[in-house]
Amino acid sequence: MSKSLIVITGASSGIGEATARKLSAEGHPLLLLARRVERLEALNLPNAMCRKVDVTDAEAFAAAVKEAEAQFGPVDCLINNAGMMLLGLAHDQDPAEWKTMFDVNVMGLLNGIHVVLADMKARQHGTVINISSVAGRKTFPSHAAYCGTKFAVHAITENIREEVADDNVRFITIAPGAVETELLSHTTSNDIKDGYEEWKAGMGGVIAPSDIANAISYAYQQPQNLCIREIVLAATRQQP
């Protein structure tokens, strides 16, 4: 392939799907990972390997990457996009929801990094882009555990960026505000979902997944000696 392999997790909808479409149009072969493999296959993108992988399954993650590299060459970019947002008040939210978010948003991200980072260091080339959130920079009502996971994403990304800077490997945080995706649908409280929707409407609408895909492409396409460490983007009328 004339362009390098990119791995995208959570590629079946929202930001992941938009990013897959954007980077495919730019000529990159892709490894697309999600639990809903039929949604990946329906994208019908050229030079895209689609695999049903839960990012919390480190062995399955590693096996899929090995298979894709055998066909397309080494991974040059990993986009850790898979995530869960389960909102709730700390005193009554089911702790199982907290575990789900930490497993997917933190351990799933670390699993991906562990699969690709040693080879990137050895090649002295590579980029890891972690999708965090404005909720990784400030707190929001009913977001305690979710904010915890996204603060972790910010800290992990910056910490490893410092570790591998001398190896010419880039770590980038993308921190969107409210985006029109399926993320909110996972929350079980109708009151919280209704309030969130009112908040979105009050700012005149939120940004689209394609806006995030464009930011990801911009950061990745910079020369390897330039690391855009963090991009924060949100609707102009989003205040927090």
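Residues numbered from 1 in each chain as written. Predicted model: local features only at pLDDT ≥ 70, side-chain atom pairs only at ≥ 80, totals over all residues. Heavy atoms only, no water.

Per an unreviewed UniProt entry, the protein chain goes by Oxidoreductase, short-chain dehydrogenase/reductase family and derives from Photobacterium profundum. Listed under Sequence similarities (unreviewed entry) in UniProt, the entry text for the protein chain is "Belongs to the short-chain dehydrogenases/reductases (SDR) family." (UniProt positions renumbered as here; feature names shortened; annotations may be inferred.)

Caption draft 1: How the structure looks around the sheet that holds strand β2 (residues 30-34). Spatial strand order, β3-β2-β1-β4-β5-β6-β7: seven strands in an open sheet with parallel pairing. The outermost strands of the open sheet, each flanked by one partner alone, are β3 (48-52) and β7 (230-233). Strand-to-strand, the axes of this sheet are offset by a mean angle of 15 degrees, without reference to chain direction. Two elements, strand β5 (residues 126-131) and strand β6 (residues 169-176), share six bridges in a ladder whose sense is parallel. Residue T127 lies in a different strand from β6, and its bridge partner there is R170. Running over the sheet, helix α1 (residues 14-25) touches β1 (5-9), β2, β4 (75-80) and β6 and is turned about 165 degrees from β1. Sitting on the sheet, helix α3 (residues 58-72) touches β1, β2, β3 and β4, and the angle it makes with β3 is about 165 degrees. (Pairing = 2+ DSSP bridges. Helix = DSSP H or I, 4+ residues; strand = E, 2+ residues; numbered from the N terminus. Axes fitted to C-alpha atoms, helices over the stretch in contact; angles between N-to-C directions. Contact = heavy atoms within 4.5 Å.)

Caption draft 2: Molecular detail of unusual backbone geometry. You will see that Q124, though not glycine, has its phi angle at about 60 degrees, which is positive. For Q124, the position within the fold is in the loop between α4 (95-123) and β5. When its relative accessible area of 37% is taken as the criterion, Q124 is described as partly exposed. A positive phi is found at N168, a non-glycine position, where the angle reads about 65 degrees. Tracing the sequence through the fold places N168 in the loop between α5 (144-164) and β6. (Buried < 20%, exposed > 50% of the residue type's maximum accessible area, 1.4 Å probe, protein only.)

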